[in-house]
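What the coordinates show
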Amino acid sequence: MRAPLLVEHAATKLDGPLLFLKRTVEAALGDAVEVRGRDGHARLGRIVALDDQALTIEVLESSAGLDLPSTVVRFRGEPLSFALGPGILGRVFNGVGQVIDGGPPIAASEHRAIDGLPMNPVARALPRDFIETGVSAIDVMNSLVRGQKLPIFSGGGLPHDRLAIDVARHARLRGAGGDFAIVFCGIGLPYDSAEAFRSALEASGALERTALFLNLASDSSTQRLLTPRYALTAAEYLAFVEGKHVLAILTDMTNYCEALREVSSSKGEMPSRKGFPGYLYSDLATLYERAGCLRGHPGTLTQLSILTMPADDIAHPIPDLTGYITEGQIVLSRELDRRGVRPPVAVLPSLSRLAKDGTGGKYTHPDHPALASQLYAAYARAVQTRVLASVVGEDGLAEADRRYLAFGRRFEQDFVHQDGPRTLEESMDAGWRLLAELPRNELTRLSDAQIAAHLA
Amino acid sequence: MSARAEICWVSGPVLRARCEGAFALREAISVGPLGLLGEVVRIEGEEIMAQVYEDTTGLKPGVEVRGSGLPLSIELGPALLGGMYDGLLRPLGGPDTAFVRAGASFGRGHVVAAFEPAVKPGDALSAGMIVGTARVGDGPLQKVLCPPDMAGECLWVAAAGLLADDALLVRLRGADGIEHGFAMRQRWPVRTPRPVARRLPAEAPLVTGQRILDTLFPVALGGRAAIPGGFGTGKTVLLEALARGCEADVIVYLGCGERGNEIAGVLEEFPELEDPRSGRPLMQRTVIIANTSNMPVAAREASIYSAVTVAEWFRDQGLNVALMADSTSRWAEALREVSGRFGELPGEGGYPAYLASRLADFYERAALVETLSGARGSVTLIGAISPPSGDFSEPVTSHTKRYVRAFWTLDVKRAQARFYPAVHPLMSYSEDAARFRAFWAGQGADDWWALRQRFLALLEEQARLERMARIIGKDALPPRQQLTLLQAEIFNEAFLRQSAFSAVDRIATPARQAAMLRLLARWMDLAEAALAEGATLAALAAVPSLRALARMGEEIGNQELQGFEALRERVEAEHTGLADKHQGGDDAGTAAG
């Protein structure tokens, strides 16, 4: 049976973004199609299920206006791919990789399947290069390294956008420069947030090093599932073909997960926690794991994804599963935000799993890990004391405990809060200054030599 | 003899196919022109249902499926150590493998090993008997066994010398008169436990080098332990610390649905580190099986069986093997995902109803055994659990709890204060601890049990007093109780905290653990006596050597046990006459010398 390219009069059912066809062609799972309705408008789609009688197409743009008799489907005979070439930086794309900035199309040097391929764990190089972000709560406490995937767990109304922009603007490798690029991927973003990102990048002169992918809140939700895949395919191309150091910013992953739930339920799949499909973990992993360094490749791919925790609940499946995949998380706190701490990073639940590989002697400062550990221990005790004080009152506390309370307040106001970017040295000095106020005998995470060197 | 079938339906990692000829349940199949590996999981009349262990993009109805006539099996051999494999024990690596493509053939090729026969023609060979030794390169010496399903009279055996691991090694005539042969590299079906002569009761612990585990919650050699913990509580770091430091002959490290960068970290670190027992690179006692979270989900389901089969292979050579599985929750989720695609009725938490029995099958393969050749070997299973939302009542955690004998709960609060390992002493347990008194007595610590009980009681008391202090304030507690809180704080900091990255403290030998326990107990006695004689709590808390006590793990290594004696003398000196001083140490801010 030779596959005809065009299929007419085969549609049997339309349900939301899904189009069901009688199977009259040899098509494979994942193949790309174009769906043309009465209006003549071609919509991108892909095959998501098939058996010997029927096939199911997920339409990636609005399916409004399609009908059964006049719908024509064109089969491409290959999975969705993205035509990439030099010159994608400085350009703006929609959620399915089409240029929308009015400029000429991209001169493609290669086609890459948007689902990518899993990196061979043996071929990965361990991420080690410390990135200075200018944010103390990240640089000292939860250091970011090249090739890491570190999400920001935020909540509606918190300044996560600003934090991401600050990081994108200031991120630099200590010492060497390297060729740096940004891939910005807006998933279900309101128009004004997208515009704010664009103008902030423009103002800092970073726009010509940036490729923007925008799926706006008004675009179809099926498309949301593809936007990060197009963006990460471009990022992989920039990193592993052009050899650039790429920072991919994905926002907002919560919108992605919501879209996944919506499409899954319209496919009639068995729902799992909170209605999300059971494969949410595996699906998120296919995005997050597309970060890293490869042996023998100069470029790296670092991911900074933003997600807003529904109802600020870190146990919600979206942040929960994300935290199990990513190499740590930066958590923003509403309480700190209300108290005017900028950026409002909640240090205790935040974590960078790769900090141990990129800090210390060879990478930052030999005493950096001990400083971070001691600040953590002291601040955790301060927070614990705060709970105690809320019941018995500050007066009911012992002298030592009151010192910790004061330490906790200053840690938030003088260390986490910052008015402008700080170098790592400035951040570390701020940390040592705070520790100097605590009894030396209790600084058990520091060696005697470290105390003598920094707290004398 | 191999059956054929034609795909009629594909969805993610599973397919249905109409067959000509008979397929067997759990038979390995090869799908499509790329020969993707799969396994039959259900048969319904003319149709089979199968799971495919590779990416199924591009498969379509009409594609051919071929049966292999054999259950899903893996290839075991002397070349396994130091290697890195996918969920079906195919080597990951080789040239141009930056990305993993479906159907890419990672042929293992031949590996040459130096063989030394231990049998000669005419000998009677029994199943599982040692027929010689093999060594690959400068790796450790391994035993070569007669496969457990073969026995008979030896007809021919290869001469000593270098030999390909898949070349004929021994020919024998079975009891039925039929001739068989085998090589150093042998196949074994992953879902079938390898046979043993008999199982033995646990008697010694697996020494892990982690103080909180060895002293408070030991796991038996041939035992089973689970590490549940929410994200960021340090499961992986703890498992890696165990893989580095535990006293096993062979480590099988299974990265099941976890991060690629972690595997990269292990690969970078292990060749550099030294095995504390043999002095060889740590990598030479390690087999890594990796199915990262973005690799095909069905292979994740199989990887846990591959790993335990590898562990049994080394156990049969008379070795102690420890298997670290990170994480069993990802395995259970793979089970759930595949089950959901087949439209099976979901049970608790969406998991299939057979979750509990599958977990039991897995954990039951841990044992201390007498092998078929009469040697003693063991497989110890340590599985991490990643409960959703850190909720320990979910099905995987609660079922696992029924099959393991050591349970190491990781605590979010401890992890947030960067107190590692974040094992919570009041939420963890070991059912076997009482059996190991003889072991500790053999290490020169016949007081271990008493000390253990004393410190467990201290931690229990601390939790009670802290609850009380939260209501009435710490200052309102009587001095004796405030001293208990101080003692517990120092014990936590000095003994339970142990950095996995510190060169000195990474591994604590039983002798060092016992020395630290005794020193802490001595200090507790001194402090209690001084308090009884009238010393103030402020004076007791300001004793300069407390800082040295809290940091002793970091400062005094395994080879410097006399350092604990010196510290004890210092602690004793600083407590003498403490009660007589009018006011002891008004400035706590002076650094200890």
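Residues numbered from 1 in each chain as written. Chains lettered and ligands numbered in written order. Predicted model: local features only at pLDDT ≥ 70, side-chain atom pairs only at ≥ 80, totals over all residues. Heavy atoms only, no water.

With that settled, the discussion passes to the overall build of chain B. Counting its secondary structure elements, chain B contains 16 helices and 26 strands. Against the 2.2 N^0.38 benchmark of 25 Å for 593 residues, chain B shows a C-alpha radius of gyration of 28 Å, consistent with a compact globule. Considering only C-alpha atoms, chain B reaches an extent of 95 × 55 × 45 Å along its principal axes. Per-residue burial for chain B yields a buried fraction of 60% across its 593 residues. Contacts in chain B between residues at least 24 apart in sequence constitute 69% of all its contacts with a sequence separation of at least 6. Total accessible area computed for chain B in this model is approximately 21,700 Å², and 53% of it derives from carbon and sulfur atoms. Taken together, the 62 basic and 72 acidic charged side chains of chain B have centroids lying 2 Å from each other. (Helix = DSSP H or I, 4+ residues; strand = E, 2+ residues; numbered from the N terminus. Rg over C-alpha atoms; globule rule 2.2 N^0.38 Å. Buried < 20%, exposed > 50% of the residue type's maximum accessible area, 1.4 Å probe, protein only. Contact = heavy atoms within 4.5 Å. Areas by Shrake-Rupley, 256 points an atom, 1.4 Å probe, with all protein chains shown as cover. Lys, Arg positive; Asp, Glu negative; His and termini not counted. Charge placed at Lys NZ, Arg CZ, Asp CG, Glu CD.)

Now for the domain arrangement of chain A. Residue and element names in this part refer to chain A. Domain annotation of chain A identifies domain 1 (6-79), domain 2 (82-358) and domain 3 (368-454). Averaged C-alpha coordinates put domain 1 and domain 2 at centres separated by 31 Å. The interface of domain 1 with domain 2 comprises 11 residues on the first partner and 11 residues on the second. For the pairing of domain 1 and domain 2, the buried interface totals around 950 Å² over both sides, and the portion due to carbon and sulfur atoms is 61%. At the surface where domain 1 touches domain 2, the tally comes to one salt bridge. One salt bridge in this structure joins Lys267 and Glu58, with 3.9 Å as the shortest N-O distance. Applying the counting criterion to the domain 1 and domain 2 interface returns three residue pairs in polar contact (both at pLDDT 80 or more). Counting only elements with at least two residues in the side of domain 1 that touches domain 2, the list comes to strand S5 (42-51) and strand S6 (54-59). Split into classes, the residues belonging to the side of domain 1 that touches domain 2 amount to six nonpolar, one polar and four charged. (Domains from an automatic or database assignment. Buried area = accessible area lost by both parts, 1.4 Å probe. Salt bridge = Lys/Arg side-chain N within 4 Å of Asp/Glu carboxyl O. Polar contact = N/O pair within 3.5 Å; in protein donor to acceptor, adjacent residues only side chain to side chain. Nonpolar A, V, L, I, M, F, W, Y, C, P; charged D, E, K, R; others polar.)

With the rule as written, the count across this model stands at 18 aromatic pairs over all chains. Between Phe82 of chain A and Phe213 of chain A, the ring centres sit 5.9 Å apart and the planes meet at 80°, which makes this aromatic pair edge-to-face. Of this pair, Phe82 of chain A sits in strand S8 (residues 81-84) while Phe213 of chain A sits in strand S17 (residues 210-216); the two residues are 131 residues apart in sequence, bridging distant segments of the chain. With respect to burial, Phe82 of chain A and Phe213 of chain A carry one shared label: buried. Positioned above the aromatic ring of Trp9 of chain B is the side chain of Arg16 of chain B, whose terminal nitrogen or guanidinium carbon lies 4.7 Å from the ring centre. If you follow Arg330 of chain B out to its NZ or CZ, it ends over the ring of Tyr281 of chain A, 3.9 Å from the centre. (Phe/Tyr/Trp six-rings, centres within 6.5 Å; stacked < 30°, edge-to-face > 60°. Lys NZ or Arg CZ within 6 Å of the ring centre and 35° of its normal.)

It is common to report an interface's size as the accessible area lost on association of the parts. Residue-level contacts link 82 residues of chain B with 76 residues of chain A. Taken over both partners, the interface formed by chain B and chain A buries close to 6,500 Å², and the fraction arising from carbon and sulfur atoms is 53%. For the pair chain B and chain A, the number of links is 31 residue pairs in polar contact (both at pLDDT 80 or more). Where the side of chain B that touches chain A is concerned, the elements lending two or more residues are strand S1 (4-11), helix H3 (260-269), helix H4 (297-315), helix H5 (328-341), helix H10 (448-472), helix H11 (479-496) and helix H14 (545-550) of chain B. Per element, the largest residue contribution to the side of chain B that touches chain A is seven residues, and it comes from H3 of chain B. Residues of the side of chain B that touches chain A, tallied by class, amount to 35 nonpolar, 23 polar and 24 charged. In terms of strand pairing, S5 of chain A meets S1 of chain B through two bridges, oriented antiparallel. Of the residues in S1 of chain B, the one forming a bridge with Asp51 of chain A is Trp9 of chain B. (Pairing = 2+ DSSP bridges.)

A few words on the nonpolar core. Counting 84 residues, the largest nonpolar core has Met324, Trp408, Leu549 and Met552 of chain B as the members making the most contacts within it. Element by element, the count of residues in this core is highest for helix H12 (residues 510-532) of chain B, at 13 residues. Among the nonpolar cores identified, the runner-up in size contains 67 residues, and Ile152, Phe197, Ala206 and Leu332 of chain A belong to it. (Core = buried A, V, L, I, M, F, W, Y, C linked by side-chain atoms within 4.5 Å.)

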